[in-house]
Each structure stands twice: as C-alpha cells, then as structure tokens.
Amino acid sequence: MTTATQCPFVARSLPGDGTPLTPSPTLAAWRDEAAFVPLDFQDGHEGLVATRYDAVRSVLEDPRFSMRPGRMPVGPDGAGSGDSAAVPLEAAGDLDEAGQRSDALNLLNLDGEVHSKLRRAVTARFSVRQARSREPWIQAMIAREIERLRTLDRDIDVWRDYAQPISARTHCHVIGIPEHHYETFVALFVEESTAQQKYDFIRALLEERKNNPGEDVITDLLNNPDLDRIEVEGLLRLLMGAGRDSVAYLIATASVALLTNPEQLGTLRADAEKIRPAVEEFMRVGAMFVTLFARTALEDVEIDGTTIPAGTSVSVSPVAANRDPEHWEQPEEFDVERDAFGHLGFGHGIHGCIGQQVARVEIREALTDLLASFPNLALVDAEQLTPQPFAHPVAVYEAGHVLVRLGED
Ligand code: HEM
C-alpha cells in the first residue's frame, strides 16, 4: 500500500493545451503515472487529482469525501483557471441576509443528510418518466427554433443561435417559469446579473406561482411541507443556473464532433434511431468537466491501494476517465455506434447530475432536428478547435462559437 503524498517540488496545475474533442496529453500522462497524482489548489493547498476511471468513480461514491471547503484547482495560467465570478454561486457581495442563507444551501457545497433532503425534494421532477413526458413539448419548441434559424440570413452560431435558446426554454418549462418571463430569465441567468437580482426574481415568481400550480419544480417545492422558504429559494437559485450552459455546450460540441467526422455523421444520417446511444458517445468524448468540484477526505481513505490522508482535497477528471484505456476500447476513437453508457460526463454517485435525463432529451432532439432539417449543413469555424480559457475555475471547457452554413438553396 502507498500513501499519497504531495511533493513540494513537483507543483502541478491543470493543463490548458486541450480542447473538448482533443484533451491535453498531460491528462493521459497523469493517468499512466498513478491513480492519484499531485495537484495544486488556488488557496495554496497541495492536493491530488484522479484521472483513472475506477478511481474517479470510487471517490464520487464515497461519503468519506466532503464537498467542503470547495477548493478550486490552479489553472494553466498558474493562478485561477477561469472566471472566478462564476464559482458555483457568485460571492454574496451585498446580497440580503435571506439570500446569503439560501446561497449556503447550494447542493454542491453540502454533504450528508442536509444534502439528501434537499436533493430528494427535486429529483422526482427529473426522472426518466418525467423527461419522457416532456418530449412532445421539447420537439415542438425545437421545431420553432429551426424555423427561426431559417429566417436568419447568415451563417449560424449553433451555440448561441440554437443551443442556448433550446436549453434556456427547456429550463423554464421544467422549472415552471412562465413564458412571459422568458426574456427576464435570459437577462438574469444566461447574461450577467447580481445574486440579489436573481433572488428578487425568484421571490416575485414564487408569489406569482403560489396560486397557479403546474407540472413543474416550483409547484413541487411550494407544496413540500418539509421545506422552508430559504431552502426553496436556494434550490431554485441553483437549478435556474445549473446545467443550462452544459446542455448548450453539449449540443454545440456534438455538432463539431459530427461535422468534423463525416463518416460518423453519415452513420447518423443513414439511421436516425442511432442518435439515442450516440448521445452517450457525445457525452463521453465531449465531456466538459476537465475536473469536478474537489472533494476533501474527512478521514484517511484507501482507494486502489493508495491511502489519501484526511484533509486532502481530490479533484477528479471525467474527461480523463472517459478516455481511460483500462475501461474503454480505443478510447480516442469517436464512434457513435459504441456502447458509451457508464461515461462520467454527468458525474456519478452522491452528487451525480440531477438533470441528466432531460438533458439527454434536449441534446437528442436538438441534433436530430438540426441534421434532418439541413442535409447540407457544413462547419465554417469553431472556436473550440483550438484551446480556449476554461469557462469556470473547476476547469470546464468553453463551447465557443460554432459557425455553420445551413446549406439551404
Ligand atoms: C449536458 C448537460 C449537463 C451536464 C454535462 C451536467 C453535468 C453535471 C455534473 C458533472 C455534475 C456533478 C458535479 C460534481 O459532482 O462535482 C452535475 C450536478 C448537477 N447538475 Fe448537471 N449537467 C447537465 C445538465 C443539467 C441540467 C439540465 C440540470 C437541471 C435543470 C442540472 C442540474 C444539476 C444539479 C442540481 C447538480 C448538483 C447535484 C448534487 O449536488 O446533488 N444539470 N451536473
């Protein structure tokens, strides 16, 4: 058995020379080296990063790891690794006292029973069955977005013009934000706003929805006798922000993967049914989280013969785990027909993604319609084909613009 130690002379930061579809070779080198290798954190802590599939899963399943203190790894520039204003929920600033208490209830900062109670309050609305029941609405909404694209007399940015509206509209639908608030939601949650502005919106919305129940998250939360207002507002603040960008990123990145791999595109064009498993392959090769929110060992934890000392923070890398040759055959190959279920693009375990079923529907329907509507679709330019700064300090790939020509004549 070995003990994971952090050598002060081998300082390591996350590599910035990768792109979503071609991650940094440093991640592969770390994976070859050991299950856990040293990683520096922005507060000066010397922790670890796990890059092997089995080790990543083990950390994510293990309740002996805490989400606190919520350390961020050192990025490629040697300091931060992205826009720190986006750290899970932005700094409280002059947010009122109730807002600060709600912000403290971010699921990604919580452990144990407090986390389970809040998570349980929203999971039913995100089940497979619920996601399936949303399909007709999502399909109709996407059909309208396609018609809107046809009216734009220019090259299209798949990310901004297509994927972002799809994910924002679905978010509103599932959460229960009425259509007449869509533009305000976009201004507050897709564009920039303060935490106070977000809470003011959430509180006004709760008042409005109090006597207007529906099939949505807000109705569930308002009817839950185990939750107080602070908890309800905190959950909504998290859900309104969480995952929306990720869905848009995946639609944009899958488009790049297909348009730069004509054979794979041809396979999907020849048989539309193949899109379902293909979504898992998009999630595997296009995972956006280079690392997830770091976990910290509450006690000494042994994984794969390595002892991680109590107090050590461990980042885990879905991007690296999704290409671990011990788990995947020919992991570097993008193959829409492979069985990619079990990828870690949605995380795994205790904090695994709540919205993954509805995200799958959005990605699948968005790509199906885009391909079916524009048989001559061609890539003009994609920012993400060259390394970009991370979008978030935990180290998240940025979608960037994905310019395409619709090819309509
Ligand atoms: C392609 C789209 C998405 C991706 C790639 C994604 C990815 C992830 C990942 C990797 C985690 C785990 C983070 C960690 O363990 O550190 C996570 C958690 C979470 N996701 Fe998603 N997500 C997506 C869509 C969504 C959507 C649509 C929603 C909700 C509307 C959502 C809500 C959440 C929430 C609330 C958590 C925290 C769960 C917890 O801490 O218990 N996600 N997501």
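Relevant structure appears above.
Since the model is a prediction, treat every value here as computed from it, not as a measurement. (Residues numbered from 1 in each chain as written. Predicted model: local features only at pLDDT ≥ 70, side-chain atom pairs only at ≥ 80, totals over all residues. Heavy atoms only, no water.)

S.K.: Can you explain the coordination of the iron atom of the ligand? Please cite residues and give values.
M.R.: Tetrahedral coordination by four donors places them ideally at 109.5 degrees to one another around the metal; octahedral coordination by six donors ideally gives 90 or 180 degrees. Its sole protein donor being Cys-353 (SG), the iron atom of the ligand sits 2.3 Å from that atom. Along the chain, Cys-353 turns up in the loop between helix H15 (318–321) and helix H16 (356–373). (Donors = N, O, S within 2.8 Å, 3.2 Å for Na, K, Ca; no water. Helix = DSSP H or I, 4+ residues; strand = E, 2+ residues; numbered from the N terminus.)

S.K.: Explain the packing of helix H4 (residues 112–123) against helix H11 (residues 229–241) to me, and be specific about the residues and the numbers.
M.R.: Where H4 contacts H11, the two axes come as close as 11 Å, and the packing angle between them is 65°. The orientation of H4 with respect to H11, classified from their angle, is roughly perpendicular. As H4 runs across H11, the sense of the crossing is right-handed. Residue-level contacts link Lys-117, Leu-118, Ala-121 and Val-122 of H4 to Glu-231, Leu-235 and Leu-239 of H11. (Axes fitted to C-alpha atoms, helices over the stretch in contact; angles between N-to-C directions. Parallel < 35°, antiparallel > 145°, perpendicular 65-115°, else oblique. Left-handed = near helix turned anticlockwise from the far one by under 90°. Contact = heavy atoms within 4.5 Å.)

S.K.: Got a sec to walk through the nonpolar core? Specific residues and values, please.
M.R.: By size, the foremost hydrophobic cluster in this structure holds 127 residues, and its most contacted members are Phe-36, Tyr-162, Leu-221, Leu-236, Met-240, Ile-251 and Phe-282. The element contributing the most residues to this core is helix H12 (residues 244–259), with 11 residues. The contacts of Ile-251, once residues within four sequence positions are left out, are Val-158, Tyr-162, Ala-163, Ile-166, Glu-362, Ile-363, Ala-366 and Leu-367. (Core = buried A, V, L, I, M, F, W, Y, C linked by side-chain atoms within 4.5 Å. Buried < 20%, exposed > 50% of the residue type's maximum accessible area, 1.4 Å probe, protein only.)

S.K.: I'd like a rundown of the sheet that holds strand S5 (residues 156–157), residues and numbers included.
M.R.: On the basis of which strands lie adjacent, the open sheet formed by 3 strands has the order S5-S11-S10 and antiparallel pairing. Strand pairing shows two members of the sheet lacking a second neighbour, S5 and strand S10 (378–382), which therefore form its edges. (Pairing = 2+ DSSP bridges.)

S.K.: Tell me about the sheet that holds strand S3 (residues 46–50), residues and numbers included.
M.R.: If you trace the 5 strands from one edge of the open sheet to the other, you get S2-S3-S9-S6-S4, paired in mixed fashion. For this open sheet the edge positions go to strand S2 (36–40) and strand S4 (65–66), each flanked by a neighbour on one side alone. One ladder, built from 2 bridges, connects S4 with strand S6 (residues 295–297); its direction is antiparallel. Paired with Ser-66 across the bridge in S6 is Thr-296. In the packing of helix H2 (residues 53–61) onto the sheet, the strands contacted are S2, S3, S4, S6 and strand S9 (313–316), and the crossing angle to S9 comes to about 125°.

S.K.: Describe the site of the ligand, with residues and values.
M.R.: The ligand sits among 27 residues. The nearest are His-115, Arg-119, Arg-295, His-351 and Cys-353. Between Arg-119 and the ligand, the recorded distance is 2.7 Å, taken from a side-chain N or O atom to an oxygen atom. His-351 places a polar side-chain atom, nitrogen or oxygen, 2.7 Å from an oxygen atom of the ligand. Taken together, the residues that form the shell around the ligand break down as 17 nonpolar, 8 polar and 2 charged. (Near = heavy atom within 4 Å. Polar contact = N/O pair within 3.5 Å; in protein donor to acceptor, adjacent residues only side chain to side chain. Nonpolar A, V, L, I, M, F, W, Y, C, P; charged D, E, K, R; others polar.)

These figures come from the coordinates and say nothing about function on their own.
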